[in-house]
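Results of the structural survey
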Amino acid sequence: MKILIVSSSLNPDSKSRLLAQELEEHWKGADFEVAFLDLREANLPMCDGGAAFGDVRVIRVKAMVDEADGIVFASPVYVYNVNAAMKNFVEFAGHSMKDKTAGFLCSAGGRLSYMSPMTFANSLMLDFRMFVLPRFVYATAEDWDGDRLSEEIGERIDEFATGFADFTTRLIA
Ligand SMILES: Cc1cc2nc3c(=O)[nH]c(=O)nc-3n(C[C@H](O)[C@H](O)[C@H](O)COP(=O)(O)O)c2cc1C
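The rules behind each value
- Residues numbered from 1 in each chain as written.
- Predicted model: local features only at pLDDT ≥ 70, side-chain atom pairs only at ≥ 80, totals over all residues.
- Axes fitted to C-alpha atoms, helices over the stretch in contact; angles between N-to-C directions.
- Helix = DSSP H or I, 4+ residues; strand = E, 2+ residues; numbered from the N terminus.
- Parallel < 35°, antiparallel > 145°, perpendicular 65-115°, else oblique.
- Left-handed = near helix turned anticlockwise from the far one by under 90°.
- Contact = placed C-beta atoms within 7 Å.
- Nonpolar A, V, L, I, M, F, W, Y, C, P; charged D, E, K, R; others polar.
- Buried ≥ 20, exposed ≤ 12 C-beta atoms within 10 Å, placed from the backbone.
- Arc of directions from axis to C-beta.
- Core = buried A, V, L, I, M, F, W, Y, C linked by C-beta atoms within 7 Å.
- Near = placed C-beta within 6 Å.

Attention shifts here to the packing of helix α1 (residues 15-26) against helix α6 (residues 151-172). Running from N to C, α1 and α6 point in directions that differ by 55°, and their axes come no closer than 10 Å. Classed by the angle they form, the pair α1 and α6 counts as oblique. Judged by the sense of rotation from one axis to the other, the crossing of α1 with α6 is right-handed. From α1, L19, E22, L23 and H26 reach across to α6, where they touch I157, D158, F160 and A161. Classifying every residue of the contact of α1 with α6 gives 5 nonpolar, 1 polar and 2 charged.

Given 3.6 residues per helical turn, the α-helix brings residues three or four places apart onto the same face. Taken residue by residue, helix α4 (residues 84-93) has A85, M86, F89, V90, F92 and A93 as its buried positions. Buried residues of α4 fall within an arc of 160° about the axis and therefore sit on the same side. On its buried side, α4 packs onto β1 (2-7), α2 (39-42), α3 (56-67), β3 (70-78) and β4 (81-82).

Core analysis: the largest hydrophobic core is formed by 45 residues, its most contacted members being V6, I71, V72, F73, F89 and L105. With 6 residues, α4 is the single largest residue contributor to this core. Not counting residues within four places of it along the chain, the set of residues in contact with L105 comprises S16, L19, A20, L23, V72, A74 and V137.

This next bit is on the site of the ligand. Near the ligand you find 16 residues, and of these S16, P76, A108, G109 and S113 are the closest. Those elements that provide at least two residues to the shell around the ligand are α1 and β3. In terms of residue class, the shell around the ligand is made up of 6 nonpolar, 8 polar and 2 charged.

Tracing the sequence through the fold places N122 in helix α5 (residues 117-128). On a C-alpha basis, the gap between N122 and M1 in space is 25 Å, while along the polypeptide they are 121 residues apart.

What follows is the structure in structure tokens.
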């Protein structure tokens, strides 16, 4: 089994990237493979519905998705949704996500945007038949002391890590 963690924030001081790295750390030594894709480094073009699909950077990230059984989307909440970079990534690679599992790690400014990933999750379910783990990690500004996570969010990442690995294992069995 292989799980791909995708971090979509383009902010060098991203909190959602820290959540993604914490999850990757948690899975060190697990009996499955974990790959990490940072969209800040991938430098993808914008999806134009045409020529951009042939861009080498797009082909590279699509290959990473092809190899994965499950995908964890680590994103900032921007304007009550995932950020545009994550949407752009799915416009390119969504067809390689078919019938795979999906999970969410989100960083937001406040608690009121908790439902924000749902529009995006709906399109993953209905466009690509993905199976979405109904347990998100959602951290707000209050959950951080500098770059240190609160104990509560740390525990939630532990639960997510176990739940997502179990969910994906069962689905590919
Ligand atoms: C353009 C923009 C839109 C945002 N929209 C929301 C929002 O709708 N709800 C919210 O709770 N926080 C919002 N925020 C705050 C971010 O979610 C928060 O700063 C988060 O930590 C960003 O994730 P990152 O640190 O991984 O980049 C917004 C921030 C920006 C820059």
